[in-house]
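# Descriptive structure summary
For reference, the chains in residue letters:
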Amino acid sequence: MLRLIGERLISTVILMAAVSVVAFILIQLPPGDFADSYANKKAQGGVVITLEEVDEMRNKLGLDRPLYIQYFDWIGGVLGGDFGFSWEFHRPVSDVIGERLGLTLALAFSTLIFTYLLALPIGIYSAVRQYSIGDHVMTLLGYIGLATPNFMLALILLYVGSELFGLSAGGLFSPEYAEAEWSLARFGDMLAHLWVPVVVLGTAGTAFQMRTMRATLLDEINKMYVIAARAGGISEFKLLMKYPVRMALNPIVSTLGWELTNIISGAPIVALVLSLPDTGPLFLQALLNQDMYLAGAMILIYCVLVVIGTLVSDLLLLWLDPRIRLEGAR
Amino acid sequence: MDNILEVSDLEIMLSADQGTVDVIQSVSFKLAPGKTLALVGESGCGKSVTAASILRLLPRELEITRGSILFRSPDSGEVTDIAKLAPRGSAIRDLRGNDIAMIFQEPMSSFSPLYTIGNQIGEVVQLHRKVSKKEARDITAGLLDKVGIPDAWAAVDRYPHEYSGGMRQRAMIAKALSCDPALLIADEPTTALDVTIQAQIVELMQELQQEFHMAIIFITHDLGVVAQVADEVCIMYAGRVVERGQVRDIFHEARHPYTRDLLHAMPRLGNLEEELVAIEGNVPGLFDMPTGCRFHPRCAAFMADTCNVRTPDLTQVSGSHIVECHLYD
C-alpha cells in the first residue's frame, strides 16, 4: 500500500517535470514574441519603433537566448517560488496571479462539489426507480445539460440572473463590494454571484456523472452479491448504499481528475463571458500579448491542478477498492 | 402445523412487454423439521424461482399471484404466510438470514469484493443478534472454523478474492448458519464447483444439518446428489411439480415419463455398457407453453386427444407419492 502510494507520487513528480516542458514550449509556439507584439501595439498607436529598438528590447528581456537556457532559467525560478515578471503589468507574475487564483480555485472546487452533490443522488434515484416519471425527467434534463454549450448557458443565466433576481450582470461581486476589503458581507455577496458560473461550468459534468452513476448502478443492482446480502436481512437502504452504490463509485472516482480538467479548461471562456475577476480573462490576455512568463505560469498552474486531481482520484480509488490495493501489494 | 414449511398452490406470474405469463403454477410441497427436500428439474423449470419466492427475493417483474407459503417459527410456533408479506418490509427481513437462510449457486460472485468475508458474515450476525462488533467478529471466526476454513482467525480479515471457489462456498455456508436457521435453502450450491469439492460441500452440509437440526431445500439437477442427501423429492417441469415422493419412490418407483427420462439420462457407476438416453427437445419457452400436459411434445407415452388437451390431475400412487400424468388418471 505504502509502496504503491510512493510509486504514484514519484510518477506524479516526473509528470509535472514533463508538463512544465510542454507548458514552456506551448507559450513559445505562437509566431513572434512579446517584443514583436509590443512593437505592433505601439505601431498601431502611431509610434514608430525601429528594428534595432525591438532587438534591444529582446536582448534586455533575454528573449534572444536559446530556448533551453530560457527554460532552465524560468523553471529554476519557479522552483524557488519566483514565476518571473509580467511585462504587461510591470509586476511580478506571482502578484498578478495571486489575487485572482483564489477565486479560480473557489470556482473550480465549488463546481466539483456542485457536480457530485447533485449527480450522485439523482443517478442513484434514477437507477432505483428506473423508467419512473422522475427518471425520465432527469434523463431528459441530463441530455439537455450535456448538449448545451457553456457560453450559451452562461448568457442565458446572465439574463435570468439580472432580469429575475436583479443581480448585477456578470462579475463575482456587486459594484459596492468589488473593491472592498474581505468581510462576511463581501463573502455572502460572492456566494450570491458564484452560483451562476458554478451552474454553467458544472451542468455538463453533472449530467455526465449522473448518467454514469445510473448506468453503473443498474449493472450492479441485480448482481448476485446484492441478492445474497439481501438474503441476510439487511434493510433496503443500507443494502443499496453498502453494496451496489459503493461499487458504482469506482468509475465516478476514477474520472474525478478528468472532471477537474473539464472544469479548468472550460473556465476561462465562461469567465470571459461572465466577466469574472479570476484568472480566466487574465490568461487570455497574457496569451494575446505574448506575456510569456505570465502565460507560462498560468498553464503550469492549470496543469498542476489537473495532475493533482488525478493523483487524488487515484489515491481515493486505492482507498475504496481493496482489489487494487492487493494488486499493488503483490 | 407440524411441518416447518407448507407451500400450497403457488402461482408466480411474470410481467413482460409481451404480456403476463405464469412461471410457476400450482406448486405444492411440505417439509418437516430437520428433513431435506430436493427440487429437481432441467434449467428453466422454475426451481430457483420457487426457492427465491420463499425468501421473497424475486425480481420486481415476478409476482406471487396465488397460493400460500406457510412457515412455522421453531421458537414461537407462530405460523406466517410468507406469500402475504411485503417483499421489502421488516417482517420478511426478520426471517431472512435469521430463521431462513439461503446459499447460492455462484460462490465466486455471492460476496461483494469490497468488504472482507468477516465484515459480510458479521453483518448478518449483528442484524439478528444483540452483539457488539467484537463479539460478532468472534462468532464469525468460530463459524469459519466450523465450516473447515483453515486459520479462521486470519481468514476473517481476508477479502473474497483471496478465497478459492470451494472456500468461498464454505464461507457462504458459514454466513447462512450464522443465526442458526431452521430452514436452509441451497440453490445449486455445488454446480459451480469441481467434483471433488462438490462432495466435500455436500458432506459438510449433511454434518451441519445433523448438528443444527435444520430443514434443507436442496435445488439441483444432479440426481446423484439427490440420492445422497434428500428425504423427499419434487420433480419440476415447466413451472409445475409433475411428481413428488420419498426419495426411494422416485428412484425405484418413478411413474412420470419425465422422471423416468431424467433417471435414464443419469450416468451410473458399474453400468458401463448401459447407454445414456438424452431427452429429446427442450424445456418450452414461457410464451409458447404447450396446451394440456406441458411435457407432451417430448413425451414417449404421448396419447393424442388427451395429453395435448387437458391438464392431468394429481394422482396419489401411494402414501406420499404423487404424480401428475394422464397415464394414471
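The structure displayed is predicted, hence computed values, not measured ones. Position numbers for residues count from 1 along each chain, tracking the sequence in the order it is written. The naming scheme follows written order: chains are lettered A onward, ligands numbered 1 onward. Two thresholds apply to this predicted model, a pLDDT of at least 70 for residue-level local features and 80 or more for giving and counting side-chain atom pairs, whereas whole-chain, interface and lining totals are computed over all residues. Water and hydrogen atoms were dropped before computing side-chain values, which therefore reflect all heavy atoms in the structure.

To continue, consider the overall build of chain A. A run of H or I in DSSP becomes a helix once it reaches four residues, and a run of E becomes a strand once it reaches two; helices and strands are each numbered from the N terminus. Of regular secondary structure, chain A possesses 15 helices and 2 strands. Along the first, second and third principal axes, the C-alpha atoms of chain A reach 85 × 60 × 35 Å. For each residue, the accessible area found with a 1.4 Å probe, counting protein chains only, is set against the maximum for its type, and the residue is called buried under 20%, exposed over 50%, and partly exposed in between. Going through the 330 residues of chain A one by one, you find that 46% of them count as buried. Throughout, a contact is declared for two residues whenever any of their heavy atoms are within 4.5 Å. Look at the contacts in chain A between residues 6 or more apart in sequence, and 74% of them connect residues 24 or more apart.

With that out of the way, let us pick up the overall build of chain B. Helix and strand content of chain B: 10 helices and 12 strands. Radius of gyration means the value over C-alpha atoms here, while the globule rule gives 2.2 Å times the residue count to the 0.38 power. Over its C-alpha atoms chain B spans a radius of gyration of 21 Å, differing by no more than 12% from the 20 Å that the globule rule assigns to 329 residues. Dimensions along the principal axes, computed over C-alpha positions, put chain B at roughly 70 × 50 × 40 Å. Out of the 329 residues in chain B, the part that is buried amounts to 53%. By element, 48% of the accessible surface of chain B is carried by carbon and sulfur atoms, the whole surface being about 14,500 Å². To measure how exposed things are, a 1.4 Å probe is used in the Shrake-Rupley method; for residues, cover is taken only from the protein chains shown.

Counting residues at the interface gives 23 residues for chain A, matched by 27 residues for chain B. Summed over both partners, the accessible surface that disappears when two parts come together, traced with a 1.4 Å probe, is what is meant by buried area. Both sides of the chain A and chain B interface together cover about 2,300 Å² of buried area, and 61% of this is carbon and sulfur. When a carboxyl oxygen of Asp or Glu lies within 4 Å of a side-chain nitrogen of Lys or Arg, that pair is called a salt bridge. The tally of links between chain A and chain B comes to 2 salt bridges. Glutamate 123 of chain B serves as the salt-bridge partner of lysine 242 of chain A, at 2.7 Å between the closest nitrogen and oxygen. Listed by contribution, the elements that provide at least two residues to the side of chain A that touches chain B are helix 10 (224–230), helix 11 (236–254) and helix 15 (322–329) of chain A. Examining the composition of the side of chain A that touches chain B, we find that 6 residues originate from one element, helix 10 of chain A, more than from any other.

Looking now at the pairing of strand 3 (residues 36–40) of chain B. All names here are of chain B. Burial of strand 3 is extensive: 5 of the 5 residues sit out of reach of the surface. Burial along strand 3 is two-sided: Thr36, Ala38 and Val40 facing one way and Leu37 and Leu39 facing the other are all buried. Two strands are said to pair when DSSP picks up at least two bridges between them. Of the strand pairs in this sheet, strand 3 and strand 8 (residues 215–220) are connected by 5 bridges, and their pairing is parallel. Along strand 8, the bridge assignment pairs valine 40 with threonine 220. Pairing analysis gives 4 bridges linking strand 3 to strand 9 (residues 232–237), with the strands arranged parallel. Counted as the bridge partner of alanine 38 is valine 233 from strand 9.

Residue and element names in this part refer to chain B. Residue alternation in strand 12 (residues 321–324) divides its side chains into two sets, His321 and Val323 and Ile322 and Glu324, and both sets are buried. Where strand 10 (residues 240–246) lies against strand 12, 2 bridges are found, and the strand directions are antiparallel. Each bridged residue has a counterpart across the sheet, and for glutamate 243 the counterpart in strand 12 is valine 323. Where strand 11 (residues 314–318) lies against strand 12, 4 bridges are found, and the strand directions are antiparallel. Residue pairing across strands places leucine 314 opposite glutamate 324, the latter belonging to strand 12. Joining the antiparallel neighbours strand 11 and strand 12 is a turn of 2 residues.

The next subject is the packing of aromatic side chains. All names here are of chain A. Aromatic pairs are defined between Phe, Tyr and Trp rings, using the six-membered ring for Trp, whenever the two ring centres lie within 6.5 Å; interplanar angles under 30 degrees are classed as stacked, those over 60 as edge-to-face, and all others as tilted. By the definition in use, this model includes 14 aromatic pairs over all chains. Summarising the aromatic geometry, the rings of phenylalanine 24 and tyrosine 71 are spaced 5.6 Å apart at their centres and angled 70° between planes, so their arrangement reads as edge-to-face. One end of the pair, phenylalanine 24, is in helix 1 (residues 2–28); the other, tyrosine 71, is in helix 4 (residues 67–79), with 47 residues separating them in the sequence. The same class applies to phenylalanine 24 as to tyrosine 71, namely buried.

Another point: helix 2 (residues 34–44) of chain A. All names here are of chain A. Every buried residue belonging to helix 2 is among Phe34, Ala35, Ser37 and Ala39, and all of these are buried. On its buried face, helix 2 sits against helix 3 (51–61). In the segment just after helix 2, glycine 46 is the residue with positive phi, at about 90°.

Residues and elements named next belong to chain B. Between N-to-C directions, angles cover 0 to 180 degrees, with each direction set by a line fitted to C-alpha atoms, over the stretch in contact for helices. Helix 6 (residues 165–177) packs onto helix 3 (residues 117–128) with a crossing angle of 20° between their chain directions and a minimal axis gap of 8 Å. Overall, the two elements helix 3 and helix 6 adopt an arrangement that is roughly parallel. The handedness of the crossing between helix 3 and helix 6 is right-handed. Residues Ile117, Gln120, Ile121 and Val124 of helix 3 pack against Ala171, Ala174 and Lys175 of helix 6. Geometric relationships in this document are graded by angle, where less than 35 degrees denotes roughly parallel, more than 145 denotes roughly antiparallel, 65 to 115 denotes roughly perpendicular, and other angles denote oblique. Crossings are assigned a handedness: left-handed for a near helix turned anticlockwise from the far helix by less than a right angle, right-handed for a clockwise turn.

That is the geometry; function is a separate question.
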